[in-house]
Amino acid sequence: MMEPLVNWPGLHSLVNCVIPARMGSKRLPGKVLAKVNGIPLLAYAVETARLSGVFAGVWVSTESPEIAEVAERWGAAVIDRPPDLASDTARLKQVIAHAVGAMDSWSAAGPKPYVAVVLPTALLLHPDDLKGMWGKLQVGGKGVMAVVRPAEHPLYSLVEKDGCLVPYTGDFDPPRTQDLPELWVDAGYAYIYDKADFLAHGFYGEHLLGYPLPRYRVVDIDTPEDLGAAEALYERWKKMGFEA
């Protein structure tokens, strides 16, 4: 176990950050160590969390020695995740709850009232996003989630029935898109919660706030094709000067 560096800007912060990273991805094995510009995805997540200056410490929860080595090399502390929380059936809330207990027990700075979660494939997350999320949570609410507008409204989804496609909702004359309510979906990047509220209610508790991200900076990396798309978006973002 390695303690977080004591000279981080967020030493006196009220928030600890955990990055859950396991090796066992089915569709893209070892995806958290997949490289973009020669750097592992996990390293981008650790660096973004550290540079934000929001957190007292950044920790990586993993069962993998390879992931642990990368995490420590990039300045994160490591939480040894038990095998039952590294399986395909383990729920992320359980993983974070285990990490909270470890951080509270081992951190030299003591327990913190807030917990942040940054996912290890959040390649296009900017440190200023995390600063903005923390600032928004100070205004009110029990949690804040990075969100993005869905590419398509779910009312227009189709499902196969008897060999043919029909509207998923059963409505063959849905409203015009401009008449539909504004929707947001979880970007799958980052979250900050009142710790007690998260332990009681998980990711979708009451008084949840949203922090919008632009669509061009959100990609869910689950397949080699997703990784290729993420690399292309990263190059575009780089040409834009990594604008937040």
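Above: the structure in question.
Since this is a predicted model, take the numbers as computed values, not measurements.

**Q** Just give me the short version of helix H4 (residues 127–139), but keep the residues and values in it.
**A** Across its 13 residues, H4 extends 19 Å between first and last C-alpha, which sits within 8% of the 18 Å expected from 1.5 Å per residue. Where H4 is concerned, the buried positions are Pro127, Asp129, Leu130, Met133, Trp134 and Leu137. With its buried residues spanning 160° around the axis, H4 presents them on a single face. Elements that come into contact with the buried residues of H4 comprise strand E1 (15–20), helix H1 (41–52), strand E6 (114–118), strand E7 (143–148), strand E10 (185–194) and strand E11 (208–212). Remark: Gly141 follows H4 within two positions and exhibits a positive phi of approximately 100°.

**Q** Got a sec to walk through helix H2 (residues 65–73)? Specific residues and values, please.
**A** Think of an α-helix as 3.6 residues a turn; residues three or four steps apart then line up on the same face. All of the buried residues in H2 are Ile67, Ala68, Val70 and Ala71. An end-on view of H2 places all buried positions within 165° of arc, on one side of the element. Facing away from the buried side of H2 by more than 90 degrees, the exposed set consists of Pro65 and Arg73. Positive phi shows up at Gly75, right after H2, with a value of about 100°.

**Q** Please set out the environment of Leu180 residue by residue, giving values where relevant.
**A** Summarising the element assignment, Leu180 is placed in the loop between strand E9 (164–167) and E10. Look at Leu180 and you get buried, because its relative accessible area is 14%. When the C-alpha positions of Leu180 and Leu155 are compared, they lie 9.1 Å apart, and in sequence the two are 25 residues distant.

Cut-off values and rules
Residues numbered from 1 in each chain as written. Predicted model: local features only at pLDDT ≥ 70, side-chain atom pairs only at ≥ 80, totals over all residues. Heavy atoms only, no water. Helix = DSSP H or I, 4+ residues; strand = E, 2+ residues; numbered from the N terminus. Expected span 1.5 Å × (residues − 1). Buried < 20%, exposed > 50% of the residue type's maximum accessible area, 1.4 Å probe, protein only. Arc of directions from axis to C-beta. Contact = heavy atoms within 4.5 Å.

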